[in-house]
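# Summary of structural features
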Amino acid sequence: MSVVDAKLSSGRSLNPTGPRLLTLLTIGLSLGALILDWTAGRSLLSDFSMTLPLLLCAIITAALGYWAVPLLQALKMGQIIREEGPQTHLRKAGTPTMGGLFFVPVAVGVALLWSGLVLRGQDFGSVLAVCVVTLAYAGIGWLDDWQIVRCRSNKGISPRTKLALQLGVGALFCLWLACTQSASITTINLPLGIVLPLGFLFWPFAIFVQVAESNATNLTDGVDGLAAGTCAIALLGLGALVGSASPGLMVFCACMAGTCLGFIVHNRNPATVFMGDTGSLALGGALAAVGLLSQNVWGLFIISGIFFVESLSVIAQVGYYKATKDANGIGKRLLKMSPYHNHLELSGWSETQIVGVFYLINGLLALLSLVIKMGT
């Protein structure tokens, strides 16, 4: 990140617009899906195509947004901007939030119909399970968003309540895994053919992965188009990783990536709607559920590199501040502000520069995960 920061600091002319980033992302995801289908021997109109569900969900979500966004505005679901955040964000106050309410159900509905009708029930149980997890995390996010809107405060539900609900959903999903999957589910496949049998330790690890992934995507949702775009790239990459073994989960990932793309039509800079915790927690829950169920935890970690850095920046900021407290209880800051995208913004980066570079990095991470997969 520091190398890229230096390059952009010396060349401010690199400042793409929101529509241009949307265009580039659309081309990138579409070409990526077409190439993945072609290399796997799948035609565009094949039942197992990634491209068709991706584009279908993108079109449906984009069209639905022209009705849903004004409705959210009319219902006064405006975002409350935290005063301690970047001052440039204060102008976004009142922008409708809870955008996850209209894009998450599209992906879930299309994925279930595709798995049940087009794939004739193949992987339907797995697709249904990850859809339930996705909706459950969306529900937790909705509770948080609703509390913020209702109380006109950015506090939301208490962190303890939020964590308890996330742990509960994670535990229930693990219980389903234990009852329906083979004993090999507790084995982590690493690069170079290394196998790590966790046994009982897999279950607390799996719950941690779900909570960490959902919170990480939530932290990344702070700049117009950032979380939706990076999640779209991650989901498409994860879908490619699981496609050969789980066509239903591949289609689910393509549907989720498509709805993220359609959502960016309205969420690109300058955004007319935010996804809120309703969307960001759901996306993290979906990624974690697919990664765990398909035994692609290592691939999930690589694809989630951006989300990992965002989370690590918050942990490092808090830890450094506490460790450097003086006699007056005031500590030093490692970053200008966390998560890391806020630090970059306060360092002079524009929102679109941040989004563009993060898209590029996430695309490279998705490609890296596929190269590692092919080499094992």
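Reading guide: rules and limits
Residues numbered from 1 in each chain as written. Predicted model: local features only at pLDDT ≥ 70, side-chain atom pairs only at ≥ 80, totals over all residues. Heavy atoms only, no water. Helix = DSSP H or I, 4+ residues; strand = E, 2+ residues; numbered from the N terminus. Polar contact = N/O pair within 3.5 Å; in protein donor to acceptor, adjacent residues only side chain to side chain. Contact = heavy atoms within 4.5 Å. Phe/Tyr/Trp six-rings, centres within 6.5 Å; stacked < 30°, edge-to-face > 60°. Buried < 20%, exposed > 50% of the residue type's maximum accessible area, 1.4 Å probe, protein only.

### Some points on the side chain of Ser49
- Mapping Ser49 onto the fold places it in the loop between helix H2 (18-39) and helix H3 (51-74).
- Within the local environment of Ser49, its side chain forms a polar contact with the backbone nitrogen of Thr51, the two atoms lying 3.1 Å apart.
- A distance of 3.2 Å separates a polar atom in the side chain of Ser49 from the backbone nitrogen of Leu52.
- Look past the residues within four positions of Ser49 in its chain and what remains in contact with it is Asp37, Arg42, Ser43, Leu44 and Val251.

### Considerations on the packing of aromatic side chains
- Scanning the model with the defined rule gives 7 aromatic pairs in all.
- Geometrically, the ring pair formed by Phe102 and Phe263 is tilted, given 5.7 Å between the ring centres and 50° between the ring planes. Linking Phe102 in helix H4 (residues 100-118) with Phe263 in helix H9 (residues 247-267), this pair joins segments that are 161 residues apart in sequence.
- Where Phe173 meets Trp176, the ring centres are 5.9 Å apart and the plane angle is 15°; that geometry is what we call stacked. Note that Phe173 and Trp176 are positioned in helix H6 (residues 159-180) at a spacing of 3 residues, about one turn of the helix.
- We classify Phe173 as buried; its relative accessible area is 4%.
- On the basis of relative accessible area, Trp176 is assigned to the partly exposed category, the value being 27%.
- Within the aromatic cluster, the residues linked to one another by ring pairs are Phe102, Phe103 and Phe263.

Purely spatial values, then, with no claim about function.
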